[in-house]
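Okay, here's what each chain looks like letter by letter:
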Amino acid sequence: MDGPHRLGEPVAMRGMVRGRILDVFLAVALLPGIVGTAVAQERRALRVIAPELIAPPPVDPATLDRADPRAPLSPLAGPAPEPMAKVRDTRYFRPVAIAAGMFESEGKTVTIAGIRVIAPDRTCDAAAGGVWPCGTQARTAFRYWLRGRAVECDPGGDGEEAGIGKPMACSLAGYDIGKWLTENGWALAEPGGPYEEQTEAARQARKGIFGGGPTGS
């Protein structure tokens, strides 16, 4: 009985040794995965430590006060400026004289303030006798002086627009149109107006309609 048992012992021992070697190899092969799993679990554990310190505390909106906005760091960052009120245009382009003291521009008729307009069909006594078309001559003189240049007019404090019969003070290249007309005798001053002296000076100098006709002007 002893012989067979002794012969089988080396075989059994070799099997045990092989099993242990296999266990060692398996442990070595599985070691990186085990270590990686442990590290990952540790990292995940670090992310959830003390959640009450990370989450914002509950706040009652009724206890909050709205702060005033700070001033912009640059004017470019400020709010857009309020649109300016549209300034009514009082400049008249390409004026055409229709009478001495009255012109048309872009469909509007403007009358110069402070004067009495000389109508184109008016006639005046000629120095040599008879009459002469002083109204037509006055309109022609006014038209040549304008030469289609832009005219600036002041509609007055009430902002009333031209074209509805309200006379306006106007200027051409900075010169008072009413003054030019009266001092050259191509219009009469309105009684009590600002150009009475100019009209009287033109009468004394026999200018314009006071000249007695083309031969005497």
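Residues numbered from 1 in each chain as written. Predicted model: local features only at pLDDT ≥ 70, side-chain atom pairs only at ≥ 80, totals over all residues. Heavy atoms only, no water.

This paragraph deals with the sheet that holds strand β4 (residues 108-111). Pairing in this open sheet of three strands is antiparallel, and the strands run β2-β3-β4 from one edge to the other. In this open sheet, the two strands that pair with only one neighbour each are β2 (96-99) and β4. When strand polarity is set aside, the average angle formed by the axes of neighbouring strands in this sheet is 35°. Each of β2 and β3 (102-105) is contacted by helix α3 (residues 134-146), which is oriented at about 165° to β2, the strand it contacts most. (Pairing = 2+ DSSP bridges. Helix = DSSP H or I, 4+ residues; strand = E, 2+ residues; numbered from the N terminus. Axes fitted to C-alpha atoms, helices over the stretch in contact; angles between N-to-C directions. Contact = heavy atoms within 4.5 Å.)

Any two side chains of opposite charge can pair, on the condition that their charged atoms come close. Scanning the model with the defined rule gives three salt bridges in all. Between glutamate 152 and arginine 91 there is a salt bridge, with its nearest N and O atoms 3.2 Å apart. Residue glutamate 152 is found in strand β8 (residues 151-154), and its partner arginine 91 is found in strand β1 (residues 91-92); the two are separated by 61 residues along the sequence. Given the relative accessible area of 35%, glutamate 152 is considered partly exposed. (Salt bridge = Lys/Arg side-chain N within 4 Å of Asp/Glu carboxyl O. Buried < 20%, exposed > 50% of the residue type's maximum accessible area, 1.4 Å probe, protein only.)

Our focus in this paragraph is unusual backbone geometry. Even without a glycine there, the phi angle at arginine 147 is positive, about 50°. Mapping arginine 147 onto the fold places it in the loop between α3 and β8. The phi torsion at arginine 206 lies on the positive side, around 55°, for a residue other than glycine. A residue is classified by how much of its surface remains accessible, and arginine 206, at 47% relative accessible area, is partly exposed.

Turning our eyes to something else, we now look at α3. Spacing of three or four residues puts side chains on the same side of an α-helix, whose turn is 3.6 residues. The end-to-end C-alpha separation of α3 is 18 Å, in line with the 18 Å expected for 13 residues at 1.5 Å each. Residues of α3 that are buried: Cys134, Gly135, Ala138, Ala141, Phe142, Trp145 and Leu146. Relative to the axis of α3, the buried residues are bounded by an arc of 135° and lie together on one face. (Expected span 1.5 Å × (residues − 1). Arc of directions from axis to C-beta.)

Before going further, it helps to spend a moment on the side chain of serine 105. By secondary structure assignment, the location of serine 105 is in strand β3. If we ignore the near neighbours within four places in the chain, the residues touching serine 105 are Tyr92, Phe93 and Pro95.

For the rest of this paragraph, the subject is the nonpolar core. Ile177 and Leu181 are the most contacted members of the largest nonpolar core, which has 33 residues in total. Listing elements by their share of this core, those giving two or more residues are α3, β8, β9 (169-172), α4 (177-183) and β11 (188-189). Sorting elements by how many residues they give to this core places α3 first, with six residues. Beyond its immediate stretch of four places on either side in the chain, isoleucine 177 contacts Ile112, Phe142, Trp145, Val151, Cys170, Ser171 and Leu172. (Core = buried A, V, L, I, M, F, W, Y, C linked by side-chain atoms within 4.5 Å.)

Everything listed here is a matter of coordinates, which is why it stays silent on function.
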